[in-house]
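Here is how the chains run, residue by residue.
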Amino acid sequence: MHEVLLVEDDEMIREATRLTLVSSGYAVRTAADGMTGLALFREQTPDVAVLDIMLPGLNGVSLAGRIREESGVPVLLISARNDPVDVVMGLEAGADDYVTKPFDGMVLAARIRALLRRAAPAEQRPGRAPLTFGDLAFDPQTLDVYREGKPLALTTTELKLLQEFAAAPGMVLTRDLLLERVWDYAWSGDTRVVDVHIRRLRCKIGRERIETVRGFGYKMRP
């Protein structure tokens, strides 16, 4: 059974969300503030962390950053407002996805399932040789990434993005396609999630590697 750490300061929302996730088959531990949430995370690493942005003390954005410094565990943020600043700050801090209040508990459970599928070890595909793009090397079997011979630490989401681009160098991948393949969205999602993670990936592998195709999406230079 997968374990979710839920950090939410509103008692009614916290309990309603906990019950929904439990009914969806998850074990859930809860905290009402950021510092308690961080302590619970360090005490026993969950499979997914779900964090409200507006937390007392250590807010959700800062908590996501602390978690990302210590672990690659998927992080999903809950935002009370569809505020671009909140969303972008959270994603830049290392969160993988977000939902906006008010949200349907079953949608949240579906988002968590998608995060867990992405975090699951990829099946090895025999015969797929390491790929080289200038000073960047990517092994599709081990998921090891090197730049100038030095290993790069990529998050699960960044690795999934790189897999998609490396499998189709020179081809334009739309934001909607990336949402479907990387975030496992079966519905229309917020493309800001894609843009922020592309920006983070560019910082690690080289800004020139992934080109923006205005009005369409992105492509990796062969």
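The paragraphs below set out a description of the structure included in this document. (Residues numbered from 1 in each chain as written. Predicted model: local features only at pLDDT ≥ 70, side-chain atom pairs only at ≥ 80, totals over all residues. Heavy atoms only, no water.)

Take the nonpolar core next. In this structure, Leu51 and Phe165 are the most contacted members of the largest nonpolar core, which totals 47 residues. Per-element accounting of this core gives the leading share, 6 residues, to helix 8 (residues 192-205). Other than its neighbours up to four places away in sequence, Leu51 contacts Val7, Gly60, Leu63, Ala64, Ile67, Val75, Leu76, Leu77 and Ile78. (Core = buried A, V, L, I, M, F, W, Y, C linked by side-chain atoms within 4.5 Å. Buried < 20%, exposed > 50% of the residue type's maximum accessible area, 1.4 Å probe, protein only. Helix = DSSP H or I, 4+ residues; strand = E, 2+ residues; numbered from the N terminus. Contact = heavy atoms within 4.5 Å.)

Our focus in this paragraph is the sheet that holds strand 1 (residues 3-7). Spatially, 5 strands are ordered 2-1-3-4-5 in an open sheet, and the strand pairing comes out parallel. Edge strands, defined here as strands with exactly one partner in the open sheet, are strand 2 (27-31) and strand 5 (97-100). On average, each strand axis in the sheet is inclined to that of its neighbour by 20°, with strand direction left out of account. Of the strand pairs in this sheet, strand 1 and strand 2 are connected by 5 bridges, and their pairing is parallel. Bridged to Leu5 within strand 2 is Arg29. Across the sheet, helix 2 (residues 34-43) is in contact with strand 1 and strand 2; its angle to strand 2 comes to roughly 140°. (Pairing = 2+ DSSP bridges. Axes fitted to C-alpha atoms, helices over the stretch in contact; angles between N-to-C directions.)

The topology assignment puts Glu180 in helix 7 (residues 175-182). Remark: the alpha-carbon pair of Glu180 and Phe41, spanning 139 residues in sequence, is separated by 29 Å.

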